[in-house]
Amino acid sequence: MFNKILIANRGEIACRVIKTAKTMGISTVAIFSEQDRMALHVALADEAVCIGPAPASESYLNTDNIVTAAKQTCSDAVHPGYGFLSEKPEFAAAIAQAGISFIGPSEDAISAMGDKIRSKKIAQDAGVSTVPGYLGVVEGITDAIKKAEDIGYPLMIKASAGGGGKGMRIAYNSAELSEGFQLAANEALVSFGDDRIFLEKYIEKPRHIEIQILGDKYGNVIHLGERECSIQRRHQKIIEEAPSAFLDPDTRNEMGAQAVSLAKAVEYSSAGTVEFIVDEKSNFYFLEMNTRLQVEHPVTEFVTGIDLVEQMIRIASGE
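Residues numbered from 1 in each chain as written. Predicted model: local features only at pLDDT ≥ 70, side-chain atom pairs only at ≥ 80, totals over all residues. Heavy atoms only, no water.

Q: Is there a simple way to think about the packing of helix α4 (residues 89-97) against helix α5 (residues 107-114) in this case?
A: Axes are the key here: two packed helices are described by the angle between their axes and the distance separating the axes. Where α4 contacts α5, the axes come no closer than 8 Å and their chain directions differ by 180°. Between α4 and α5, the crossing angle belongs to the class labelled roughly antiparallel. Contact with α4, carried on its side by P89, A92 and A93, involves E107, I110 and S111 of α5 and no other residues of that element. Tallied by class, the residues present in the contact of α4 with α5 amount to 4 nonpolar, 1 polar and 1 charged. (Axes fitted to C-alpha atoms, helices over the stretch in contact; angles between N-to-C directions. Helix = DSSP H or I, 4+ residues; strand = E, 2+ residues; numbered from the N terminus. Parallel < 35°, antiparallel > 145°, perpendicular 65-115°, else oblique. Contact = heavy atoms within 4.5 Å. Nonpolar A, V, L, I, M, F, W, Y, C, P; charged D, E, K, R; others polar.)

Below, the structure is given as structure tokens:
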């Protein structure tokens, strides 16, 4: 087991990781920008290191500074939390190259699931139900209109590198597709530096249900049931409920099995979440996979009694 963990994050999630580490008898290192010197996570940790000025690009997003802090404090492992660098394969790789354990999935798994086009192709190959659509990159508006004729309206225009509702539009006809395609591409370029767009059938009145999974380094993967997050505003989740009142046992079991299959397909280790949309007839389709601990993880912890942060640490240490 690790002796010391550096938390490459701030605020609530840093405090959350520190809490579990303390119960496990593991020392913690906080990182902070100059502006966050008096922050709670800094006070709670056993050690704290300033990694740069206030702008996140110069501190919490600065991989070199974080790796240096981990080395200077002789940290055995780094927990990325959520947000910031948590789903950047380059960060996981840099931590591993420094000879430090990354408390999360491998660089390859993060990369595979971080690209929505690639992840859907992997899901299809793993026998996971996916939304009907075109899983290649759409080359401009003319190509989009042609592809739309095969898929049928309404359509969802989505950025391959998107998330949080950015780079996403709904189109009910070719005029809306023309307008929405360019808007989605522009938004994706600004938000993610990647303007690749794909198209899929828009599922009307959907339920949004996510399966919590855990995988170790030996090929074992389990799921811990679902969280329903259908109540949203601007594609941001407002209420999480577990278990879902909508799912019947057979659908729940099949969704869990498919989530496990997808995780095994990318040799996933650590905590992760496989998200699905479910239509009114209980047909479900893979949406995306979050290769990190999610903000809403305490909902599953309350229902199961399992400390997900503790499991992440144990898995990363080789259990």
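Here the narrative resumes, following the displayed structure.
Q: Quick question: what am I supposed to make of the pairing of strand β11 (residues 221-228) here?
A: Each regular strand displays side chains that alternate between the two surfaces of the sheet. Burial runs high along β11: 6 of the 8 residues are buried. Examined bridge by bridge, strand β10 (residues 207-215) and β11 share 6 bridges and lie antiparallel to one another. The residue bridging L214 from the neighbouring strand is I222, located in β11. The turn joining β10 and β11, which pair antiparallel and follow one another in sequence, is formed by 5 residues; a positive phi near 90° is taken by G219. (Buried < 20%, exposed > 50% of the residue type's maximum accessible area, 1.4 Å probe, protein only. Pairing = 2+ DSSP bridges.)

Q: Any chance you could explain the pattern of salt bridges here in plain terms?
A: Considering all chains together, one arrives at 22 salt bridges under this definition. Salt-bridge contacts for K22 lead to D46; the nearest nitrogen and oxygen are separated by 3.8 Å. Of this pair, K22 sits in helix α1 (residues 11-23) while D46 sits in the loop between α2 (40-44) and β3 (47-52), and the two are 24 residues apart along the sequence. Overall, the relative accessible area of 46% leaves D46 in the partly exposed class. Across the pair E187 and R169 runs a salt bridge whose closest N-O atoms are separated by 3.3 Å. Residue E187 is located in helix α8 (residues 174-192), and its partner R169 is located in strand β8 (residues 166-171); the two are separated by 18 residues in the primary sequence. A residue is classified by how much of its surface remains accessible, and R169, at 26% relative accessible area, is partly exposed. (Salt bridge = Lys/Arg side-chain N within 4 Å of Asp/Glu carboxyl O.)

Q: It is not clear to me how the pairing of strand β15 (residues 284-290) should be interpreted in this structure. Could you clarify?
A: Most of β15 is tucked away, with 7 of its 7 residues classed as buried. Taken together, the 6 bridges between strand β14 (residues 270-278) and β15 define a ladder with antiparallel strand orientation. Among the inter-strand pairings, V278 is bridged to a residue of β15, identified as F284. Counting the residues in the hairpin turn of β14 and β15 gives 5 residues, including S282, whose phi is positive at 70°.

Q: Any chance you could explain the layout of surface pockets here in plain terms?
A: Any space left empty among the atoms is revealed by the rolling of a water-sized probe across them. Volume-wise, the second largest pocket comes out at about 160 Å³. As for the second largest pocket, its lining consists of 13 residues, and the residues nearest its centre are G104, P105, S106, K217 and S269. The biggest single contributor to the lining of the second largest pocket is α4, with 3 residues. A class-by-class count of the residues in the lining of the second largest pocket yields 5 nonpolar, 4 polar and 4 charged. (1 Å grid on protein atoms, 1.4 Å probe; cavity = no way out; pocket = protein on both sides within 12 Å on 5 of 7 lines; lining within 4 Å. Points joined across faces, edges and corners; volume = space filled by probe spheres on them.)

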